[in-house]
Amino acid sequence: MNKDRKLIIAGNWKMNKTVAEALDLSRALKLELAGVKEVDMVVCPPFTALADVSKAILDSNIRLGAQNMSEHIMGAFTGEIAAGMLKEFSVRYVILGHSERRQYQKESDALVATKALAAHGASLKPIVCVGEMLAERESGQTEKVLERQVTGSLAGLSKEQMGETIIAYEPVWAIGTGKTATTAQAQDAHAFIRGLLSRMFDDTVARRVRIQYGGSVKPSNARELMSQPDVDGALVGGASLEPRSFGDIIKNSI
Ligand code: PEP
């Protein structure tokens, strides 16, 4: 598949995998994906496995991501992890504003924007998640929701920082449900987001930003989704927990 933007496919392991299991998965992925150069590949284990996974993939083409981080640099924030701490383990990417964090931890667009700035401050690339709920889609509010989330969650970023930011469009109704957006629904939402970026920043930035699709991506639908002109990769939950399915998503996307 020939695109100006290099595909980026990331696995969000969520609250799964002990250190031993994370190491097994990392080693299997290293073998499975050894020859792949066409796609930027990222795994996002839980915090507890970052140190070991980091060592396991050090000499590979797989990069490390975290699933969240604090908006603060350091200090009295019990239970939080700062961007600088992630850097100690060679983390390059960080997922921000995942719908599960928006839902369960009540993360707001403003908080996500503060975190995105903090991530850039530590030279981490944020993967900023946006996406509408089922009721919002059904009531015709998808674009309104996306506009609010995109403008709010990326507020304050410079053009240069935006160019190094990844957006994940994840319709909430498609996450972990087995329901995938149709290729047309995904393409429409991605094109709409790119249009917003063009207005917020400029055309050059909008053309540069990679927009991932997330929501029940699996080996059988990866090729069709990635073939859409504005779909530049995937954020994968469930199917990233097995080496074969994550590997096949990547191989089928090339
Ligand atoms: C996700 O949680 O980011 C996700 C896309 O999950 P799944 O692939 O399981 O739908």
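Residues numbered from 1 in each chain as written. Predicted model: local features only at pLDDT ≥ 70, side-chain atom pairs only at ≥ 80, totals over all residues. Heavy atoms only, no water.

## Here's the deal with the site of the ligand
Note the following rule: To be near a molecule or strand, a residue needs just one of its heavy atoms within 4 Å of it. Think of a polar contact as two N or O atoms within 3.5 Å of one another; within protein, one of them needs to be a possible hydrogen donor and the other a possible acceptor, and neighboring residues in sequence only count if both atoms come from side chains. Here the Shrake-Rupley method, with its probe set to 1.4 Å, supplies the accessible areas, and only the displayed protein chains count as covering residues.
The ligand sits among 14 residues. The nearest are Lys 14, His 98, Glu 170, Gly 176 and Ser 216. Interatomic distance of 2.5 Å between a side-chain N/O atom of Lys 14 and an oxygen atom of the ligand. With respect to the ligand, the side chain of Glu 170 contributes an N or O atom lying 2.7 Å from an oxygen atom. Taking 290 Å² as the accessible area of the ligand by itself, protein coverage stands at 95%.

## Some remarks on the pairing of strand S8 (residues 233–236)
A regular strand places its side chains so that they alternate between the two faces of the sheet. Threshold: Classification of residues uses two cut-offs on accessible area relative to the type maximum, computed with a 1.4 Å probe and protein chains only: under 20% is buried, over 50% is exposed, and between them is partly exposed. Put simply, DSSP H or I for four residues or longer makes a helix, DSSP E for two residues or longer makes a strand, and each gets a number counted from the N terminus. Only strands that DSSP links by at least two bridges are regarded as paired with each other. Orient the strands so they point away from the viewer, and a crossover whose first-strand-to-second-strand path over the helix runs clockwise is right-handed.
Burial along S8 is two-sided: Gly 233 and Leu 235 and Ala 234 and Val 236, pointing in opposite directions, are all buried. In this sheet, S8 lies alongside strand S1 (residues 7–12) in parallel orientation, the contact comprising 4 bridges. By the bridge assignment for S8, Ala 10 is matched with Leu 235. Assessed by its sense of winding, the connection that carries the chain from strand S7 (residues 210–214) through helix H11 (residues 219–226) to S8 is right-handed.

## Some remarks on the confidence of the model for the protein
Let me state the cut-off plainly: Each residue carries a pLDDT value, the predictor's own confidence for that position, ranging from 0 to 100.
Put simply, the protein has an average pLDDT of 97, and 99% of its residues get 70 or more. The least confident element of the protein is helix H6 (residues 134–138), whose mean pLDDT is 95; the most confident is strand S4 (residues 91–96), at 99.

## Describing the sheet that holds S7
Where we set the bar: Here the axes come from fitting lines to C-alpha atoms, over the contacting stretch only for helices, and the angles between their N-to-C directions go from 0 to 180 degrees.
Strand order around the closed barrel formed by 8 strands is S1-S2-S3-S4-S5-S6-S7-S8, with parallel pairing between neighbours. In this sheet, adjacent strand axes meet at a mean angle of 25° when their direction is disregarded.

## Observations regarding the pattern of salt bridges
Test applied: What makes a salt bridge here is a side-chain nitrogen of Lys or Arg within 4 Å of a carboxyl oxygen of Asp or Glu, nothing more.
Per the counting criterion, the structure on display carries 17 salt bridges. Note that Arg 194 is salt-bridged to Asp 232, the shortest N-O span being 2.7 Å. Linking Arg 194 in helix H9 (residues 183–200) with Asp 232 in the loop between H11 and S8, this pair joins segments that are 38 residues apart in sequence. Where salt bridges share partners, they join Arg 5, Arg 194, Asp 230 and Asp 232 into one cluster.

## As for the layout of surface pockets
The gaps left among the atoms become clear once a water-sized probe is rolled over them. To be explicit about the condition: With a 1 Å grid spanning the protein atoms alone, the term cavity applies to any set of points in which a 1.4 Å probe fits but cannot get out, the term pocket to an open set with protein on both sides within 12 Å along at least five of seven lines, and the term lining residue to any residue with an atom within 4 Å of a point. Grid points are joined across faces, edges and corners, and a volume is the space filled by probe spheres set on the points. Gly is placed with the polar residues, together with every amino acid not listed as nonpolar (Ala, Val, Leu, Ile, Met, Phe, Trp, Tyr, Cys and Pro) or charged (Asp, Glu, Lys and Arg).
As a volume, the largest pocket reaches approximately 380 Å³. Around the largest pocket, the lining comprises 14 residues; the ones closest to its centre are Lys 14, Met 15, Gln 67, Asn 68 and Arg 101. Residue contributions to the lining of the largest pocket peak at 3 residues, all from helix H4 (residues 99–104). Each residue belonging to the lining of the largest pocket can be placed in one class, and the counts come to 6 nonpolar, 5 polar and 3 charged.

## So, helix H1 (residues 19–32)
It helps to recall that an α-helix has 3.6 residues per turn; residues three or four apart then point in one direction. What counts, and what does not: Given the number of residues in a helix, its expected span is that number minus one, multiplied by 1.5 Å. Throughout, a residue-residue contact means that at least one pair of heavy atoms, one from each residue, lies within 4.5 Å.
Its 14 residues give H1 an end-to-end C-alpha distance of 20 Å, which sits within 8% of 20 Å, the value for a rise of 1.5 Å per residue. Tucked inside the fold, the buried residues of H1 contact strand S2 (39–44), helix H2 (50–56), strand S3 (62–66) and helix H12 (243–253).

## Considerations on the nonpolar core
The condition that has to hold: Among buried residues, those of type Ala, Val, Leu, Ile, Met, Phe, Trp, Tyr and Cys that are joined through side-chain atoms within 4.5 Å constitute a nonpolar core.
Judged by nonpolar contacts, the single largest core of 66 residues is most densely connected at Val 43, Met 69, Met 162, Ile 167, Leu 197 and Tyr 213. Top contributing element to this core by residue count: H9, with 6 residues. The contact partners of Ile 167, leaving out residues within four places of it in the chain, are Val 128, Val 130, Leu 154, Met 162, Ile 193, Leu 197, Val 209, Arg 210, Ile 211 and Gln 212. Counting residues in each nonpolar core, the second largest holds 11 residues, with Ala 10, Val 42, Ile 166 and Ala 168 among its members.

## Topic: the side chain of Gln 149
Relative to the assigned elements, Gln 149 resides in helix H7 (residues 142–153). Residue Gln 149 is classed as buried on the basis of its relative accessible area of 7%. The residues touching Gln 149, leaving out its near neighbours within four places in the chain, are Arg 102, Asp 109, Val 130 and Gly 131.

## Section: H11
Filter applied, for reference: Within this analysis, the arc is defined by the directions that extend from the helix axis to the C-beta atoms.
Those residues of H11 lying buried are Asn 221, Ala 222, Leu 225 and Met 226. All buried residues of H11 fall inside an arc of 125° around its axis, so they share one side. Turned more than 90 degrees away from the buried face of H11, the exposed residues are Ser 220 and Glu 224.

## Focus: the environment of Ser 26
Among the structural elements, Ser 26 can be located in helix H1. If near-sequence neighbours (up to four positions away) are discounted, Ser 26 is found in contact with Trp 13, Val 53, Ala 56 and Ile 57.

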